[in-house]
Amino acid sequence: MIIVVPGANYELTPEDVRKSILDIAERDGAPPSVVVVQLEIKPAAALEALRTGREVGATTILNPAPAPEGWTLDDDFYKFADIVIPNETELRKLCGVEEEEEGGGGGNV
């Protein structure tokens, strides 16, 4: 079980994320080459990071962890992510596959 206590991470807004990525591009004279996103921030902020990263030409990477129970990933996350790197738990949730019982011989996702 993964327990998330978002605290300050959940104060981050899509506007904050967009501004930060664009500020990096302005400060450095070039956009970031990679933007990596996890779901430890609000989904709207995570999606904006992917969207803005794509807009500035960065490679966008989504780690959909932690994936909340009963939550589906909006198709726009896949649209704006060049690479998606779920762990087994998130992959099962995203694909709607129930977890195997411990010692149940495993299965392929």
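The structure displayed is predicted, hence computed values, not measured ones. (Residues numbered from 1 in each chain as written. Predicted model: local features only at pLDDT ≥ 70, side-chain atom pairs only at ≥ 80, totals over all residues. Heavy atoms only, no water.)

> Any details on the overall build of the protein chain? Residues and values, ideally.
Scanning the protein chain for helices and strands turns up four helices and three strands. The order of α-helices and β-strands along the protein chain, N terminus first, is α-β-α-β-α-β-α. Looking at the 109 residues of the protein chain, the share that counts as buried comes to 29%. Surface summary for the protein chain: the accessible area is close to 7,100 Å², and the carbon and sulfur share equals 51%. (Helix = DSSP H or I, 4+ residues; strand = E, 2+ residues; numbered from the N terminus. Buried < 20%, exposed > 50% of the residue type's maximum accessible area, 1.4 Å probe, protein only. Areas by Shrake-Rupley, 256 points an atom, 1.4 Å probe, with all protein chains shown as cover.)

> Quick rundown of helix α2 (residues 43–55)? Include the residues and the values.
A rise of 1.5 Å per residue sets the reference length of α2, with its 13 residues, at 18 Å; its end C-alpha atoms lie 18 Å apart and thus fit the reference within 8%. Looking at the buried positions of α2, the neighbouring elements they touch are α1 (14–28), β1 (34–38), β2 (59–63) and α3 (75–80). A positive phi of about 90° marks glycine 57, the residue just after α2. (Expected span 1.5 Å × (residues − 1). Contact = heavy atoms within 4.5 Å.)

> Requested: an account of the environment of alanine 58, with residues and values cited.
Structurally, the position occupied by alanine 58 is in the loop between α2 and β2. Contact partners of alanine 58, with chain neighbours within four places excluded, come to Pro32, Ser33, Val34, Val35, Gly53 and Asp82.

> Summarise the environment of lysine 79; cite the residues concerned and give the values.
Within the secondary structure layout, lysine 79 lies in helix α3. Sequence separation between lysine 79 and leucine 47 is 32 residues; the distance between their C-alpha atoms is 9.9 Å.

> Outline the pairing of β1, listing residues and values.
Of the two faces of β1, the one lined by Val35 and Val37 is fully buried and the one lined by Val34, Val36 and Gln38 carries no buried residue. Sheet analysis places β1 next to β2, joined by five bridges and oriented parallel. Across the sheet, valine 36 pairs through a bridge with isoleucine 61, a residue of β2. Read from β1 through α2 to β2, the crossover connection turns out right-handed. (Pairing = 2+ DSSP bridges. Right-handed = clockwise from strand over helix to strand, strands pointing away.)

> Now, about the pattern of salt bridges: what can you tell me, with residues and values included?
Under the defined criterion, the tally for this structure stands at seven salt bridges. The salt bridge partner of glutamate 48 is arginine 18, with a shortest N-O separation of 3.5 Å. With glutamate 48 in helix α2 and arginine 18 in helix α1, this residue pair connects regions lying 30 residues apart in the sequence. With its nearest N and O atoms 2.7 Å apart, the salt bridge here joins lysine 19 to aspartate 23. With lysine 19 and aspartate 23 both in helix α1 and four residues apart, this pair spans about one turn of that helix. Among the charged side chains, a salt-bridge network with shared partners connects Arg18, Glu48, Arg51 and Glu55. (Salt bridge = Lys/Arg side-chain N within 4 Å of Asp/Glu carboxyl O.)

> Report on the sheet that holds β1, specifying residues and quantitative values.
Reading across from one edge, β1-β2-β3 is the order of the three strands in this open sheet, with parallel pairing throughout. At either end of the open sheet lies a strand with only one pairing partner, and these are β1 and β3 (83–84). This element, α2, spans β1 and β2 of the sheet and lies at about 165° to β1. (Axes fitted to C-alpha atoms, helices over the stretch in contact; angles between N-to-C directions.)

> Requested: an account of unusual backbone geometry, with residues and values cited.
Looking along the chain, the bond that leaves alanine 65 and enters proline 66 is cis, with omega of -10°. Its location among the elements puts proline 66 in the loop between β2 and α3.

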